[in-house]
Amino acid sequence: MFDYSDESERKAQEIRERKAEKPVRKIKVPKVLAVVDQAGCTGCEACVQFCPVDCIELVPGPQFPDMAKMVEIDVDRCIGCKACAKHCPWDTITMIPSAEAYAIANEWTLRSVLKPEAVKSGEKIWSAAE
Ligand code: SF4
Ligand code: SF4
C-alpha cells in the first residue's frame, strides 16, 4: 500500500519553508494571543481566511494528508486581533493573556508542523517571544 505519511511530511515541510519566508511580528507582544486547542479542532479551516497576518497553518493528517487535519497557530506572528476566535464554529480557539499563551500552546499542541521535532521528543516547543 502507498505510504501516505511521506506525502504528509512533504506537505509539512512545504509549510515550514513558506513560514520561514513570512515576515515576523514587528509590533510588541499583544495583550492576548490566539491559542488553538487541537483536541477540539476539526480542520474545517473556517478560521484561516480571517487571519490578517496569515499565521494559521493547516497541519496535514499524520497518515493521510487530507484526513484528520487540524490547524496550528504561529503564536509568534499572532497580533491578537481575535478574528479567528470569533469565527471558529467549534469554539476551539481561545484568546489567552500573552504571559500564559506559550505555556497553554505547549499543552494544547498535539501535532506541530512548525516545531515537529520538539513535539516528538516531548520538549517544550514554545517560549515567550522577545
Ligand atoms: S488572533 Fe488574529 S492574528 Fe492571531 S491567529 Fe487569530 S486571526 Fe490571526
Ligand atoms: S475554525 Fe476552529 S475547528 Fe475550524 S480549523 Fe479553525 S480552529 Fe479548527
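The coordinates are above.
First, a word on scope: everything that follows refers to the structure included in this document. (Residues numbered from 1 in each chain as written. Chains lettered and ligands numbered in written order. Predicted model: local features only at pLDDT ≥ 70, side-chain atom pairs only at ≥ 80, totals over all residues.)

## Brief notes about the site of ligand 2
So, step 1. In the vicinity of ligand 2, 13 residues are found, and the nearest of them are C41, C44, A46, C47 and C88.
So, step 2. Broken down by class, the residue content of the shell around ligand 2 amounts to 9 nonpolar, 3 polar and 1 charged. (Near = placed C-beta within 6 Å. Nonpolar A, V, L, I, M, F, W, Y, C, P; charged D, E, K, R; others polar.)

## Remarks on the site of ligand 1
So, step 1. By nearness alone, 14 residues border ligand 1, and A34, C51, C78, C81 and C84 come closest of all.
So, step 2. When its residues are assigned to classes, the shell around ligand 1 shows 12 nonpolar, 1 polar and 1 charged.

## Things to note about the nonpolar core
Most often, soluble globular proteins keep nonpolar side chains buried together rather than apart.
So, step 1. Ranked by internal contacts, the top residues of the largest apolar core, which has 26 residues, are A34, V35, V71, I73 and C84.
So, step 2. At the level of elements, β1 (32–36), β2 (56–59), β3 (70–73), α2 (83–87), β4 (93–97) and α3 (98–108) are the ones that each hand at least two residues to this core.
So, step 3. Looking at this core element by element, the count peaks at 4 residues for β1.
So, step 4. The contact partners of V35, leaving out residues within four places of it in the chain, are I73, V75, T94, I96, A101, I104, A105 and W108. (Core = buried A, V, L, I, M, F, W, Y, C linked by C-beta atoms within 7 Å. Buried ≥ 20, exposed ≤ 12 C-beta atoms within 10 Å, placed from the backbone. Helix = DSSP H or I, 4+ residues; strand = E, 2+ residues; numbered from the N terminus. Contact = placed C-beta atoms within 7 Å.)

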